[in-house]
Structures are given as C-alpha cells and as structure tokens.
Amino acid sequence: MSQHIAEITHRSVSSPGGRIHLAEQGTGPLVLLVHGFPESWYSWRSQLPALAAAGYRAVALDVRGYGRSSKPTATDAYRMVDLVEDNVSVVRALGEESAVVIGHDWGATIAANSALLHPEVFRAVGLLSVPYTPRGGPRPSDIFAQMGGDEEFYVSYFQQPGRAEAEIEPDVRGWLAGFYAALSADTMPAPGAPDPHFVSSGGTLRDRFPTGRLPAWLDDRDLDVYAGEFERTGVTGALNRYRNMDRDWEDLAAFDGAPITQPSLFIGGSLDASTTWLTDAIKAYPVTLPGLLSSHLLDGCGHWIQQERPAEVNRLLTDWLAALPA
C-alpha cells in the first residue's frame, strides 16, 4: 500500500487486573495479538507493520504479569478466565465492538478461550504453534506428573512458586538466550539429545539448553529488549500462568469438549514439540475447529514461529484476514 503507515504507539488501558499495555499500529479492523512465554508485545514486532500496511489496526498487548502491564500479586489472579476478560476490556477500551484475536504459544490458548467464551466479541481466531485442544480429560497436573518417567516435565517444574524463579532470575538474559535457542529450528538440540522440556532429578531446565550462539531470528538487541523487561519485572507473573492450569480446568468445566465455531487459522512449525506432541489435536480440527479456513505446517520451523519466519507468517495472516467475512 502506498499510504504512509504511522509508527508504533504505546499506551495503557484499564482492565480487571489493573492496566494492560498496548503497542498499536495502523487503522482499520482491529486485530489483537497475544504473546506467549517468555515474551512480550515485542514478539509481534514484525507483524505490526505488516498488518498495518494491509489495512488493519494491529494491537499487540503485554499479557497480565508481563512487561508494562499490571502484575497482581495473587497466584490465582492469572486464571484463563481473567486473561480472557483482559482481552475483552482491551477491545472495549479501544472503542471497538469486535476484533480478530491471534495468539502464539500461551497466547494461542488465551486467544482460543477468548473466542470460545466471547464469540460476540472475537469474530475470528488465529492460533500459532499451539493447537486448540478443548477442555477435557483428567486434571492437568495429574497428566503432567505422569510424563517423563524419572524426569520432570517443565510444566510441573514451574508449579512451585519460587522454584523456577531461583533458576531464572540470577541470570535472566542468559536463561532466555538458552530457552529461545532450545526451541528454535537452527539451534535446538539434535535428535536423540536430552529433551529441554524435561528436568533431570536435582537438575534445572538450563542444564539442557544449547550454548554458544543465538538463533538466527534473535540478535543481541532483541535479546536485550526481552531481558530488560524480565529483569525489571521478574518472572513470577509469567510463570503464574502455568500455576493456574488446574484452576482453568475447573473454571471451564461447562465448556468440556466445546468447539470454536468462528473462522479460524492454525500455523505450526514442523520441528516444534507443541505441534508434534499434539498431532491428534490437529487431526481433530474438523470437529474442534469447524470454522477452520486454513492450516499450515512450516517445514523446518521451530517454536518461535512469527519471529523465525516473519515474512511467511505475515503472508499467511494477511491472506487469511482478507478471506474473513466482512
């Protein structure tokens, strides 16, 4: 498009948990972008200008507990239903009646539940990396406890307040660099190497992170942005999302097995455990996402999909948005 696209602007709006920080670019139909762990609005830095140029009002938020958004002290203030209400509040605060919501990682799950709980607000939903899996089955903590045999699954490792913080916060920048590298296509451990999603007895997650180089999508400046935010805020707010999975299971009991019927999109990476572990969820899309318009698996891509493959993801997003009913 030939017209000038304004630069990204920042502001905060009121929400049930306090304030939500927004990064906004462009004008047109609202597209809300929701990040995952351990990230911020900045993970959408390549999508904001692309969506703005395509004629959309692109808004990336800092999820409650992250960045410049409020960080309630109570662990149970990070339930899924509360994060969904934050999204609704953002749409209303922006003077809009409806929005398309797109999420990555935890943001994909937040986006999916936003569409499920508030179809009158969220007219379409895009999911990156983490497939939609309807609520159901045993209590999540019971499932995670059975994974890994003698090793501990990272979600279980994150449950006890203060435990993961003690690993991460003494060297936030180094930990983030290792975590990002562990799940990136060009730096992840080789097949057969110890899985970085699990912790050995008495060990830490970082024991299995690759060292020595950053993934191609992440330069020192980008890493400084992420590290600077978590050095300032700590990581408890981010980790509290994991500490509410059993509460979510209880809160969403009325939606057991419920499909999301709005128009939807899924983009996954072929080397991402979030995709490969949940292949059955993707196969179930005709039932669970009956409004699915397109589904894509990016060959040779890891977990940080919109940062590893920004041009490809931008094209898929804008093509999907253009195909949505007006």
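Here the structure is shown first, and the text comes after it.
Residues numbered from 1 in each chain as written. Predicted model: local features only at pLDDT ≥ 70, side-chain atom pairs only at ≥ 80, totals over all residues. Heavy atoms only, no water.

Section: the overall build of the chain
Definition in use: Note on conventions: DSSP H or I runs of at least 4 residues are helices, E runs of at least 2 residues are strands, and numbering of each starts at the N terminus. We take the radius of gyration over the C-alpha atoms and set the globule estimate at 2.2 Å times the residue count to the 0.38 power. Note on contacts: a residue pair qualifies if any of its non-hydrogen atoms lie within 4.5 Å across the two residues.
A count of helices and strands for the chain gives 15 helices and 10 strands. By the compact-globule yardstick of 20 Å for 326 residues, the chain fits well, its C-alpha radius of gyration being 19 Å. Structurally, the chain occupies a C-alpha span of about 55 × 45 × 40 Å along its principal axes. Put simply, of all contacts in the chain between residues at least 6 apart along the chain, 77% involve residues at least 24 apart.

A closer look at the side chain of glutamate 165
Selection criterion: Exposure categories follow from relative accessible area, calculated using a 1.4 Å probe and restricted to protein chains: below 20% of the type maximum is buried, above 50% is exposed, and the middle band is partly exposed. We define a polar contact as two N or O atoms separated by no more than 3.5 Å, with the added condition that, inside protein, one atom must be a possible hydrogen donor and the other a possible acceptor, whereas residues neighbouring each other in sequence contribute only through side-chain atom pairs.
Topologically, glutamate 165 is positioned in helix α6 (residues 163–168). The exposure class assigned to glutamate 165 is buried, which follows from its relative accessible area of 7%. A polar atom in the side chain of glutamate 165 sits 2.8 Å from the side chain of threonine 236. For glutamate 165, the residues in contact, after removing those within four places along its chain, are Gln160, Pro170, Val235, Thr236, Leu239 and Arg243.

Concerning the packing of aromatic side chains
The following threshold applies: Within 6.5 Å between ring centres, the rings of Phe, Tyr and Trp (the latter by its six-membered ring) count as paired, and their orientation is classed by plane angle as stacked under 30 degrees, edge-to-face over 60, tilted in between. Two conditions define a charge sitting above a ring: the NZ of Lys or the CZ of Arg must be within 6 Å of the ring centre, and it must be within 35 degrees of the ring normal.
One pass over the structure, following the stated rule, counts 25 aromatic pairs. Where phenylalanine 179 meets phenylalanine 209, the ring centres are 5.8 Å apart and the plane angle is 65°; that geometry is what we call edge-to-face. With phenylalanine 179 in helix α7 (residues 172–182) and phenylalanine 209 in the loop between β8 (198–199) and α8 (220–233), this pair connects stretches of sequence that are 30 residues apart. Considered together, phenylalanine 179 and phenylalanine 209 belong to a single accessibility category, that of buried residues. For arginine 241, the ring lying beneath its charged end belongs to tryptophan 106, and the centroid distance is 4.6 Å.

Topic: the layout of surface pockets
Here is the rule we go by: Grid points spaced at 1 Å over the protein atoms alone were grouped into cavities, where a 1.4 Å probe fits but cannot get out, and pockets, open sets with protein on both sides within 12 Å along at least five of seven lines, with lining residues defined by an atom within 4 Å of a point. Grid points are joined across faces, edges and corners, and a volume is the space filled by probe spheres set on the points. Polar here means any residue other than Ala, Val, Leu, Ile, Met, Phe, Trp, Tyr, Cys and Pro, which are nonpolar, and Asp, Glu, Lys and Arg, which are charged; Gly is therefore polar.
Counted as a void, the largest pocket has a volume near 1200 Å³. In terms of lining, the largest pocket is formed by 46 residues, of which the most central are Thr109, Thr133, Phe144, Met245 and Leu278. Sorting elements by how many residues they give to the lining of the largest pocket places helix α3 (residues 106–117) first, with 6 residues. Residue composition of the lining of the largest pocket, grouped by class: 33 nonpolar, 8 polar and 5 charged. Considering only enclosed or pocket space, the second largest pocket measures out at about 320 Å³ in volume.

Looking at the sheet that holds strand β3 (residues 30–34)
Formally: Paired strands are those between which DSSP finds at least two bridges. Axis definition: a line fitted to C-alpha atoms, over the contacting stretch in the case of helices. Angles run 0 to 180 degrees between N-to-C directions.
One open sheet accounts for 8 strands, arranged β1-β2-β4-β3-β5-β6-β9-β10; its pairing is mixed. The open sheet terminates on both sides in strands that have one partner only, identified here as β1 (9–15) and β10 (292–298). Averaged over all pairs of adjacent strands, the angle between their axes in this sheet comes to 20°, without regard to strand direction. For β3 and strand β5 (residues 99–104), the ladder comprises 4 bridges, and the chain directions are parallel. Across the sheet, the residue bridging to leucine 33 is isoleucine 102, located in β5. Against the sheet, helix α2 (residues 80–93) contacts β1, β2 (18–25), β3, β4 (57–61), β5 and β6 (122–128), and its axis sits at roughly 115° relative to β1.

As for the pattern of salt bridges
Heads up, the condition is: The term salt bridge refers to a pairing of a side-chain nitrogen on Lys or Arg with a carboxyl oxygen on Asp or Glu at a separation within 4 Å.
Applying the stated rule across the entire model yields 20 salt bridges. Across the pair glutamate 165 and arginine 243 runs a salt bridge, and its minimum N-O distance is 2.9 Å. With glutamate 165 in helix α6 and arginine 243 in the loop between α9 (236–239) and α10 (245–251), this residue pair connects regions lying 78 residues apart in the sequence. Residue arginine 243 is classed as buried on the basis of its relative accessible area, which comes to 7%. Of the charged contacts in the structure, one is a salt bridge between aspartate 220 and arginine 173, with a shortest N-O distance of 3.3 Å. Pair noted here: aspartate 220 is in helix α8 and arginine 173 is in helix α7, with a separation of 47 residues, a long-range link.

As for the pairing of β1
Sheet analysis places β1 next to β2, joined by 7 bridges and oriented antiparallel. Along β2, the bridge assignment pairs arginine 11 with leucine 22.

Here we look at helix α15 (residues 310–323)
Selection rule: In this scheme, a helix's expected span is set at 1.5 Å multiplied by one less than its residue total.
Taking 1.5 Å per residue as the helical rise, α15 with its 14 residues ought to reach 20 Å, and the 20 Å between its terminal C-alpha atoms agrees with that figure. When α15 is considered as a whole, its buried residues turn out to be Val313, Asn314, Leu316, Leu317, Thr318, Trp320 and Leu321.

Observations regarding α7
Among the 11 residues in α7, 9 count as buried, and that is most of the element. Of all the positions in α7, only Val172, Trp175, Leu176, Ala177, Gly178, Phe179, Tyr180, Ala181 and Ala182 are classed as buried. Against the buried residues of α7 lie α6 and α8.

Topic: the side chain of aspartate 86
When you line up the elements, aspartate 86 lands in helix α2. There is a polar contact of 2.8 Å between the side chain of aspartate 86 and the side chain of arginine 64. If near-sequence neighbours (up to four positions away) are discounted, aspartate 86 is found in contact with Ser15, Pro16, Gly17, Ile20 and Arg64.

Interpretation in functional terms is not warranted from these geometric data alone.
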